[in-house]
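Structure at a glance
Each chain, letter by letter, is given below.
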Amino acid sequence: MTALKIPTHQLSRFQSLIALFILCLVLSILSDRFLTTANAWNVMRQVSVNICLSVGMTLVILTAGIDLSVGSILALCGAVTASLLKNGLAFESLNLFVGFAPLGAVMVGLALGVGLGWFNGWTITRFSVPPFVATLAMLTIARGLTMLWTGGFPINGLGEQFAFLGTGWFLGIPMPVWITAVIVAWAVLLTNKTRFGRYVYAIGGNERAARLSGIAINKVKMSVYALAGGLAAVGGILVTSRLDSAQPNAGISYELDAIAAVVIGGTSLSGGKGSILGAVLGGVIIGVLNNGLVLLNVSPFWQQVVKGLVILLAVMIDKANTRK
Amino acid sequence: MKQPTEALLRVDSISKSFAGIQALQQVSLDLYPGKVTAILGENGAGKSTLMKIISGVYADYQGRLFYAGEPVTFTDPKSAQDRGISMIHQELNLIPQLCIRENVFLGREPRTSLGFLDVKMMREQCQALLERVGLALDPDTPVEQLKVGQQQLVEIAKALSLDSQVLIMDEPTSAISENEVAVLFHIIRTLKKEGKAIAYISHKLDELFEIADNYVVLRDGKLIETGALKDTSSDALIRKMVGRELQLHRNDRSSVSSDCLLQVRDLALTDPNREQRYLLKAIDFDLFKGEVLGLFGLMGAGRTELLEALFGLRPGQVEGSIALGGRKGPFRRPKEAMQAGLGLVPEDRKQEGLVLGMDIAQNTSLAVLDELVSGGWIQEGKEAQLAEKYRRELQIKTTGIRQRVENLSGGNQQKVVLAKWLATKPKVLLLDEPTRGIDIPAKNEIYKLIRNLATEGLGLLVVSSELPEILAVADRVLVLSEGRLTATIPIDESTSEDRILTAAIPKKHPSP
């Protein structure tokens, strides 16, 4: 009976861990290539982008919102960063050319992501546009801007320094894994230990009670969308750096993978309940599953079917738990 | 006990447990046609569980139900309804976006021969039902535009339309004003004449003596006593419910000082939907240090609106002046009102007071996190201290400050809301229906707390639709009627309820 006293959100995290463990166990039996260090780093590098997006998505979903625009913001920020790096910025009428070092280009890319996310938050709070609609609009807008900016062509050859972010190693660990780990650690502290994090949960749990408690709801919400945008930009920079190329079609349907990770991690779409670590686990489960199916030579079409079933199963189990 | 007729509904030694906790133990009772049976018990005594079994909400239980002598089992509320048993829930079950008519006929809409909805018929029947419950409303009005009390009456209309033989009413008067209670009682008397059996749950004993015939007392899931109300008294019933003597205490009140804390002058609140119309007009009052000021009014008088206007929840609609702690209102945001020293314990603690998924400590600290952080980080030790302090002071019954508030009883939840606001160290606390839906012992505790806070020098403005509550806690009472203050009455032993009620009832030709 004592086991029943674990709060449901922790129980579901516990269950995801067991599921992940079983998944790894099965895959390591089925494929001798699964349980190797090289493959482990490979998986972690692959999931790092999704986890970046999932962290932002968790914050948004905790406030009972949703952000459909992160895939497009990822592409636009990646493309802008790449083009600044490669071509700089020319103002012909002023006869001015500005060149960008990798750091500068990355900063602009990040700022753009934060700005677009902030714009999402602004339309949602100032004009009461439902988050689904506001970010659906941004999904289209940012994708269109990406096409305009790149002319529909990839931007290649971005230099070794920039490539280090996506492909380099530091202290024996791939850079994207470092970056993602730092973001996750920061987000865990943010949600659990800070006033901002508490406000995020309070708004998602009961917005009216939060408002009556003097919390500046709109400020918190705008910050949350800005963070989601910024983290999408991080994802965009990582993807661009790893491929040494900004693809205009990058990040298509990544928002759905991020939502899937958040949901598998036990976060409630109605807000107020869930955790960053849950989303990380969800992201890893999706990543391991994809990787395993590739190693087992399963058709990519089947991979999609399996992923969908896993999402469904995870939420069904979660619901069955909370009903008790 | 001799009964003239056979029981319409017989509950035979029913037991039910939740996750190992026994909620009902071998409870038996009979509901007779043409009789109102009062179901009494403190919160957690098992009343709601029992009613939910009777109305088919819970299908897994031990024991048997008999309807008109035949054994019956219900798998869901629909099967109970089909058998003629329906329940009016304490928490409202209406769909806000749908109109009254659609709600009343939900799930059993009459259709024309072509299979389309028979709107005309529904409208006519609905109109008749609304007239029966004394609501002068268009059946096509969306439910979300109705006040809570009106919604309660719509629920009752819906139950009437089912033409049930057994009606269960769970706290039907908790959200309605006294003149609506009169309408409800009139309906109940008619139903009695028609031979319906009614189970009536209420904490308000006066009501029960007025309307009920028999009573059943439950305590801790067990049947304590059944009998006829004419053979017992309030005090005897309360003794059975709690196992000890208890009543609404009139507390000593000697704490009022001459320092004015809150000064409201010529306050007006415009109607956001209709220009040039006022929800409140010409409101003047002072609230003194150490004073409990009651605010009484019938439904629609503007009680909640007044609190919202004071607390900065109606920005742009408030005219006039508010002065508190050296600051001038009207305040534009709750934060501004809080900085001036106001706190608001709202009417609906689940919807507005608490974040149910959070624990006691997190709810207690929510409005004062600014003081508990250093560099954005929450000082968890300080938070726990704060929560622990109020848990002790307010005697919140809990397994610990990390217990989630959704698992607390109504009275304890209300104490957590109070703790949250006391933590802000307010000068003036506004309380909207502070004891709505909580049991008598918890009510008395809340009253005591309110009086203690006054003694400590706070000013309290207590909105209540229950006159005994006003008489039990307040030093003075402001009476609101149709958005205007119609009387300010000092309260002492001789204050009569009649005088307050007279001031609250709208006059025939109200000034606009």
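What this report covers is the structure whose coordinates are included nearby. Along each chain, numbering runs from 1 in the same order as the chain's sequence is written. Whichever chain is written first becomes A and whichever ligand is written first becomes 1, with later ones labelled in order. With pLDDT at 70 or above as the cut-off, local features in this predicted model cover only qualifying residues; side-chain atom pairs require 80 or more to be listed or tallied, and sums for whole chains, interfaces and linings still use all residues. Working from all heavy atoms in the structure, the side-chain values ignore hydrogens and water.

Overview of the overall build of chain B
Keep this limit in mind: Numbering of helices and strands runs from the N terminus, with a helix taken as a DSSP run of H or I at least four residues long and a strand as a DSSP run of E at least two residues long. All radius of gyration figures rest on C-alpha atoms, and the globule criterion is 2.2 Å times the number of residues raised to 0.38. Any pair of residues with heavy atoms lying within 4.5 Å of one another is described as a contacting pair.
Helix and strand counts for chain B stand at 18 helices and 22 strands. Computed over the C-alpha atoms, the radius of gyration of chain B is 24 Å, within 12% of the 24 Å expected from 2.2 N^0.38 for a compact globule of 512 residues. A principal-axis box enclosing the C-alpha atoms of chain B has dimensions of 70 × 50 × 50 Å. Sequence separation of at least 24 residues holds for 67% of the intrachain contacts in chain B that already meet a minimum separation of 6.

Examining empty space enclosed by the protein
Residues and elements named next belong to chain B. Stated precisely, the cut-off is as follows: Put plainly, a pocket is an open set of points on a 1 Å grid over the protein atoms alone with protein on both sides within 12 Å along at least five of seven lines, a cavity is a set where a 1.4 Å probe fits but cannot get out, and a lining residue has an atom within 4 Å of a point. Grid points are joined across faces, edges and corners, and a volume is the space filled by probe spheres set on the points. Basically, the charged four are Asp, Glu, Lys and Arg, the nonpolar ten are Ala, Val, Leu, Ile, Met, Phe, Trp, Tyr, Cys and Pro, and anything else, Gly included, counts as polar. Domain borders in the structure are assigned automatically or taken from a domain database.
One pass over the structure, following the stated rule, counts four cavities of 30 Å³ or more. In this structure, the largest cavity occupies an estimated 60 Å³ of space. Around the largest cavity, the lining residues are Glu-171, Ser-174, His-203, Lys-204, Thr-435, Arg-436, Gly-437, Ile-438, Lys-443 and Glu-466. A breakdown of the residues in the lining of the largest cavity according to their chemical character gives one nonpolar, four polar and five charged. Shared between two domains, the lining of the largest cavity takes at least three residues from each, and those domains are domain 1 (9-242) and domain 2 (260-504).

Here's the deal with the pattern of salt bridges
All names here are of chain B. Quick note on the threshold: The term salt bridge refers to a pairing of a side-chain nitrogen on Lys or Arg with a carboxyl oxygen on Asp or Glu at a separation within 4 Å. We call a residue buried when its accessible area falls under 20% of the maximum for its residue type, exposed when it is over 50%, and partly exposed in between, using a 1.4 Å probe and counting protein chains only.
Per the counting criterion, the structure on display carries 34 salt bridges over all chains. Asp-12 is the partner of Arg-64 in a salt bridge, and the nearest nitrogen-oxygen pair spans 3.3 Å. Of the two residues, Arg-64 is situated in strand β4 (residues 62-67) and Asp-12 in strand β1 (residues 9-18); the sequence distance between them amounts to 52 residues. The exposure class of Arg-64 is partly exposed, given its relative accessible area of 49%. For Asp-12, a relative accessible area of 22% translates into the label partly exposed. The closest approach of N and O atoms between Glu-308 and Arg-314, which form a salt bridge, is 2.9 Å. Among the residues examined, Arg-314 registers a relative accessible area of 15% and is labelled buried.

A short note on the sheet that holds strand β3 (residues 36-40) of chain B
Residues and elements named next belong to chain B. Defined as follows: Only strands that DSSP links by at least two bridges are regarded as paired with each other. Axis angles are defined between N-to-C directions and span 0 to 180 degrees, where every axis is a line fitted to C-alpha atoms and, for a helix, only to the segment in contact.
Judged by pairing direction, the sheet is mixed, and its six strands sit side by side in the order β6-β7-β8-β3-β9-β10 without closing on themselves. Of all the strands in the sheet, the pair left with one neighbour each is β6 (85-88) and β10 (222-228). Between one strand axis and the next, the sheet turns through 15 degrees on average, direction left out of account. Bridging between strand β7 (residues 166-170) and strand β8 (residues 197-201) involves five bridges; their strand directions are parallel. Looking at the pairing, Val-166 lines up with Ala-197 of β8. Across the sheet, helix α6 (residues 178-193) touches β3, β7 and β8, and the angle it forms with β8 is around 150 degrees.

Read these as geometric descriptors, not functional statements.
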